[in-house]
Amino acid sequence: MSTHSNPQEERPYDLSGMCRASSLVLVNTGDGKGKSTAAFGTILRAVSQNWPVAVVQYLKSGDWNTGEEKVCRELGVKWFSAGDGFTWDSENLDETRAKAVAAWDFSAQLIAGGEYRLVVLDEISYAMTWDWIDASEVAAALKARPESVSVILTGRDMAEEVIEAADTVTEMVKVKHAFDSKILAKKGLDY
Ligand code: ATP
Ligand code: MG
């Protein structure tokens, strides 16, 4: 017989000594699908609380991800596309780098400004992986953020400094991905 026969008598967590944070830093990383999707799902929750939300896309150009961008804009989310498409498509790496640096300066202002209660930095990890922006500077900005500002950072191989500065870090693990079976990204599900 199970020792868990009456779930209602059980408390899943011991709540004594716990507190409510005024904001959180979330990281979605790993090589499985779902990092950006989870961030956009969280945006729905933030919007439902009437939070002002801003998204900075580091790698994708304006014509990628039209689906979520369109709906987010309709929901009042401020959307900034920093990149000029996937980096490996870029004809001019220096320009891509300059855009990433500019995107970070801009993101740092969004975080420090306190105007938004949620700031999503989508695919920011690559800019740190390629040393375009300094991971310790990103971590410092997260730690120094205004009390009310939550931040979600997404992308594979998130820098250790950022993981250390975050409250919640989720690693998406790829069990299977359609792309490996030569199935292209599907509008409505992948973008
Ligand atoms: P999504 O935006 O679907 O949540 P993601 O943010 O976790 O994906 P990215 O690395 O940003 O992953 O992926 C960008 C695009 O590549 C998306 O269309 C996504 O569906 C697809 N993708 C995600 N993970 C993989 C993978 N392991 N192999 C191939 N394609 C992937
Ligand atoms: Mg993504």
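See the structure shown above.
Residues numbered from 1 in each chain as written. Chains lettered and ligands numbered in written order. Predicted model: local features only at pLDDT ≥ 70, side-chain atom pairs only at ≥ 80, totals over all residues. Heavy atoms only, no water.

> Would you mind showing me how to read the overall build of the protein chain here?
Counting secondary structure elements, the protein chain contains 6 helices and 6 strands. Burial statistics for the protein chain: of 191 residues in total, 40% are counted as buried. In the protein chain, of all internal contacts separated by at least 6 residues, the share reaching a separation of at least 24 is 76%. Of the roughly 11,700 Å² of accessible surface on the protein chain, 52% is carried by carbon and sulfur atoms. (Helix = DSSP H or I, 4+ residues; strand = E, 2+ residues; numbered from the N terminus. Buried < 20%, exposed > 50% of the residue type's maximum accessible area, 1.4 Å probe, protein only. Contact = heavy atoms within 4.5 Å. Areas by Shrake-Rupley, 256 points an atom, 1.4 Å probe, with all protein chains shown as cover.)

> Please clarify how the site of ligand 1 should be interpreted in this entry.
Looking at ligand 1, there are 15 residues lining it, with Lys33, Gly34, Lys35, Thr37 and Glu123 nearest. One of the side-chain nitrogen or oxygen atoms of Ser36 is found 2.9 Å away from an oxygen atom of ligand 1. At a separation of 3.3 Å, a nitrogen atom of ligand 1 approaches a polar side-chain atom of Arg156. In the complex, the protein chains occlude 88% of the 570 Å² of accessible area that ligand 1 would expose alone. Sorting elements by how many residues they give to the shell around ligand 1 places helix α1 (residues 35-48) first, with 3 residues. Of the residues that constitute the shell around ligand 1, the class distribution is 2 nonpolar, 5 polar and 8 charged. (Near = heavy atom within 4 Å. Polar contact = N/O pair within 3.5 Å; in protein donor to acceptor, adjacent residues only side chain to side chain. Nonpolar A, V, L, I, M, F, W, Y, C, P; charged D, E, K, R; others polar.)

> Please clarify how the coordination of the magnesium ion (ligand 2) should be interpreted in this entry.
The coordination sphere of the magnesium ion (ligand 2), as far as protein atoms go, consists of Ser36 (OG) and Glu123 (OE), spread over 2.1 Å. Here Glu123 lies in the loop between β4 (118-122) and α4 (125-129) and Ser36 lies in helix α1, a separation of 87 residues in the sequence. Residue class for Ser36 comes out buried when judged on its relative accessible area of 13%. With a relative accessible area of 9%, Glu123 lands in the buried category. (Donors = N, O, S within 2.8 Å, 3.2 Å for Na, K, Ca; no water.)

> Explain the packing of aromatic side chains to me, please; I cannot follow it from the model alone.
Applying the stated rule across the entire model yields 4 aromatic pairs. With 5.7 Å between their ring centres and 20° between their planes, Phe40 and Trp79 make a pair best called stacked. Of this pair, Phe40 sits in helix α1 while Trp79 is found in strand β3 (residues 78-81), placing the two residues 39 residues apart along the sequence. A single burial state applies to Phe40 and to Trp79, both of which are buried. Between Phe80 and Phe106 the ring centres are 4.6 Å apart and the planes differ by 70°, which places this aromatic pair in the edge-to-face class. (Phe/Tyr/Trp six-rings, centres within 6.5 Å; stacked < 30°, edge-to-face > 60°.)

> Is there a simple way to think about the pairing of β4 in this case?
Look at any regular strand and the pattern is simple: side chains alternate between the two faces of the sheet. Within β4, 5 of the 5 residues are buried, which leaves it mostly tucked inside the rest of the structure. Both faces of β4 are covered, namely the face carrying Leu118, Val120 and Asp122 and the face carrying Val119 and Leu121. The sheet contact formed by strand β2 (residues 53-57) and β4 spans 5 bridges and is parallel. Directly across from Val56, in β4, lies its bridge partner Leu121. (Pairing = 2+ DSSP bridges.)

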